Structures are given as structure tokens and as C-alpha cells.
Amino acid sequence: MNFKGKKTIILEGGGFKTSFSAGVLDAFRMTNFDDFDVHIGVSGGSLALSYFLSEQYGDYYASMKTLCRDTRFIKLKKAFSDGLMNLDFFYDIAEKEFPFHLEKAVNKLNDKEFYIVLTNSLDGSTIYRQPSFDNWIDMTIAASTVPVITKGKHYLDGIPYSDGGITDPIPIKWAVENGADDIVLIRTTHQNFKPGYLRPELVAAQIIRDNPPIKAHVENYQYKLKESVDFANQLEKEINLHQIAPAQPLTTNIYTYSVSNIIQDYRYGLHEGLIFVNKQRNMKVNNFQHVG
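None of the values given here were measured: they were computed from a predicted structure.

Draft legend 1. Just the packing of aromatic side chains, in detail. All told, the structure shown has 15 aromatic pairs when counted by the stated rule. On the numbers, 3.5 Å between centres and 5° between planes, the contact of Tyr61 with Tyr266 is stacked. On the criterion of sequence distance, the pair formed by Tyr61 in helix α3 (residues 59-67) and Tyr266 in helix α11 (residues 259-291) is long-range, its members being 205 residues apart. Owing to a relative accessible area of 7%, Tyr266 belongs among the buried residues under this scheme. The lysine or arginine in question, Lys7, covers the ring of Phe36, its NZ or CZ lying 5.2 Å from the ring centre. Positioned above the aromatic ring of Phe52, the side-chain terminus of Arg29 is 4.4 Å from the ring centre.

Draft legend 2. Quick look at the side chain of Thr140. With respect to the secondary-structure elements, Thr140 resides in helix α6 (residues 136-143). Apart from residues no more than four positions distant in its own chain, Thr140 is found in contact with Ser46, Leu47, Ser50 and Ile116.

Draft legend 3. Fine view of the nonpolar core. Membership of the largest hydrophobic core comes to 49 residues, with the highest contact counts inside it found for Ile9, Leu25, Phe28, Leu118, Trp136 and Ile186. Apart from the residues within four sequence positions on either side, Phe28 is in contact with Ile9, Phe33, Phe36, Phe52, Val184, Ile186, Ile244, Gly273, Phe276 and Val277. The next biggest cluster of nonpolar side chains, apart from the first, holds 20 residues, and it includes Val38, Ile172, Ala232 and Leu235.

Draft legend 4. The arrangement of the pattern of salt bridges in detail. Throughout the structure, instances matching the rule amount to 8 salt bridges. Lys108 is the salt-bridge partner of Glu55, the closest N and O atoms lying 2.9 Å from each other. One end of the pair, Glu55, is in the loop between α2 (44-53) and α3; the other, Lys108, is in helix α5 (residues 102-108), and 53 residues separate them in sequence. In this structure Glu55 comes out as partly exposed when scored by relative accessible area, which is 33%. The class for Lys108 is buried, based on a relative accessible area of 18%. Across the pair Lys226 and Asp230 runs a salt bridge, and its minimum N-O distance is 2.8 Å.

Draft legend 5. Seen up close, the side chain of Ser21. Mapped onto the secondary structure, Ser21 falls in helix α1 (residues 18-30). Excluding residues that lie within four positions of it along the chain, Ser21 makes contacts with Leu11, Glu12, Ile186 and Thr188.

Draft legend 6. Local environment of a nonpolar patch on the surface. Taken together, the side chains of Met30, Tyr57 and Leu274 make up a nonpolar region of the molecular surface, amounting to roughly 270 Å² of accessible area. With respect to the helices, strands and loops of the structure, Tyr57 is situated in the loop between α2 and α3.

Draft legend 7. Representation of α1 in the model. Here α1 contains 13 residues, and its C-alpha end-to-end distance of 18 Å stays within 8% of the 18 Å for a straight helix at 1.5 Å per residue. By the criterion of burial, α1 is predominantly enclosed, with 12 of the 13 residues buried. Among the residues making up α1, those that are buried are Thr18, Ser19, Phe20, Ser21, Ala22, Gly23, Val24, Leu25, Asp26, Ala27, Phe28 and Arg29. Asn32 lies just past α1 and shows a positive phi near 55°.

Draft legend 8. Layout of the pairing of strand β1 (residues 7-11). By the criterion of burial, β1 is predominantly enclosed, with 5 of the 5 residues buried. The two faces of β1 match: Lys7, Ile9 and Leu11 on one face and Thr8 and Ile10 on the other face are all buried. Relative to strand β7 (residues 182-186), β1 runs parallel, the two being bridged by 5 bridges. Each residue of the ladder has a partner; that of Lys7, found in β7, is Asp182. Sheet analysis places β1 next to strand β2 (residues 38-42), joined by 4 bridges and oriented parallel. For Thr8, the partnering residue across the bridge sits in β2 and is Val38. Following the chain from β1 across α1 to the adjacent parallel β2, one finds a crossover that is right-handed.

Parameters and conventions
- Residues numbered from 1 in each chain as written.
- Predicted model: local features only at pLDDT ≥ 70, side-chain atom pairs only at ≥ 80, totals over all residues.
- Heavy atoms only, no water.
- Phe/Tyr/Trp six-rings, centres within 6.5 Å; stacked < 30°, edge-to-face > 60°.
- Helix = DSSP H or I, 4+ residues; strand = E, 2+ residues; numbered from the N terminus.
- Buried < 20%, exposed > 50% of the residue type's maximum accessible area, 1.4 Å probe, protein only.
- Lys NZ or Arg CZ within 6 Å of the ring centre and 35° of its normal.
- Contact = heavy atoms within 4.5 Å.
- Core = buried A, V, L, I, M, F, W, Y, C linked by side-chain atoms within 4.5 Å.
- Salt bridge = Lys/Arg side-chain N within 4 Å of Asp/Glu carboxyl O.
- Patch = residues over 30% accessible without salt bridge, like charges linked within 9 Å, V, L, I, M, F, W, Y side chains within 5 Å.
- Areas by Shrake-Rupley, 256 points an atom, 1.4 Å probe, with all protein chains shown as cover.
- Expected span 1.5 Å × (residues − 1).
- Pairing = 2+ DSSP bridges.
- Right-handed = clockwise from strand over helix to strand, strands pointing away.

Right, here's the structure in full:
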């Protein structure tokens, strides 16, 4: 693969924090700012990009507001067995609640690329795969599967996979290694992020201690995230990279029961997305006038 000269969009994951990303993408959709060649999604970012590719304005946002209140999705009593969030409910979301226009999304891949980031649950390696008509939904479920929070792994072609964010939370280095030089990065991690002293992933790591490769990645998650953020910040000086990220921590988290928090973060993303599009288009106008 070669992304050189291709306009690339990358979405970080973050569970319900991707309500911010949904706002940015809806701003792009309402302004027809969608001329991306390569799409790369992590965890919930892959779900948001799926609805973006199928041109379903507002549906991913609406689905999150539904999910946070639905007892079929969030089950406290199963947090330490099948997981707090029932990802298999995504089948119902994609087919009944907010039908995902799969055929339209697949047709988009005739001249575009979409990579979903996965973690091989057996050896902890990072996998970047393009979905197909037959496995698109299953791949997004696998890409969102994390220990404790969800069931921990999901099978594709007989192989168990987990959330790609465990091993590559912001896959910008991978994109650049494959030639990407024109990137829009939508983050859910706020500016000036620093790993915390109290890290919930350390508890999750102990629960999955019988899987050493995944345990090690989970333990170091926030440090890997910080490395990715630092790499992206440095990269802004070298290539055409634009980052859209919240200035402060979002009101949502990986999971939430608050619709109002989802609305707040979505509107924040919508606002930031519209500002970004306006700046980009004004820049093009100014460049055209300068040349003229």
C-alpha cells in the first residue's frame, strides 16, 4: 500500500468519547467536506467512519444516545464476566435501530480505502485490515472489544481479535510509514495529555494476566497514547497534518450513562469541525487570489 499524495483521515477511538468525533464528521458531511482517499479508524472511530462512508448524517451520534440508556447494551452485573458493554448488540443497531447502509459504504471502497485497526488477541500484534461486505460489522465489533469493558475478544476467520487501540491507539506512525503526507487527525484525547497516576487499565491488566501479550499492552496503554500524541505534534512540522482535538478532557469517557454529556461533546465536535472546514476553504480562496 502507498498513501503518498492521498488525503488521509485518521480517527482515534475512545468509546463514547467518539461523540466528539461524530460531531466533527457531521460537520464535514453537512459541508460536503469528504474528499478523503484513505480512512483509518480505531475502535469507536471505525464505527464513526463507517457511518461517514455510508453518508448517514447524524446516525452514529443518535446510536450513542440510544446505547447509553439501553439495558441490553450496558450491564453492570456482567462487568467481570461478559463485559460491561454488550457489543453484540451492535448487530441490532446496524440492522434495526439505525440501519447501516452497508452496500453504499462498500461501494465507496471502489475508489477509496478504509483500514480498521485490530489487535490479534493471541500474540498482541497490530493488524490493519480493510472490511468487506461479509465482515464489515464483525470487524467493527472486533475493533471495539476491550477487556472488562466488553467481552474482550471477537472472532474473525477463526482468529480472536481485540480493540486495535490496545496496541496502536493513534495509528499515525503506521500511516506515515506507508507514505501518508496529507493527514487530518481527529482525536478524542485532549491537548497536553499526560498519563495519570491512577490508571484503570492497571486493574484490567490484572484481570487478564493469563494473556501476557495483551496484559503488557493494556498496562502501557496511556504511555503509548502519549507517544502517539507527541509523535503527531512533532509531525506537524514535517508534513501537511491537521489535528482536531479537544482543548480539555471531554465530558464523556469510554462509557457513560449521560445523554447530556454525549450531546455536549457532540456539539463541541460539530463546532470544531465547522471551524476547521471554514479555515481550510478560506485558505484555498486566499491561495487562489494570491496566485491570480
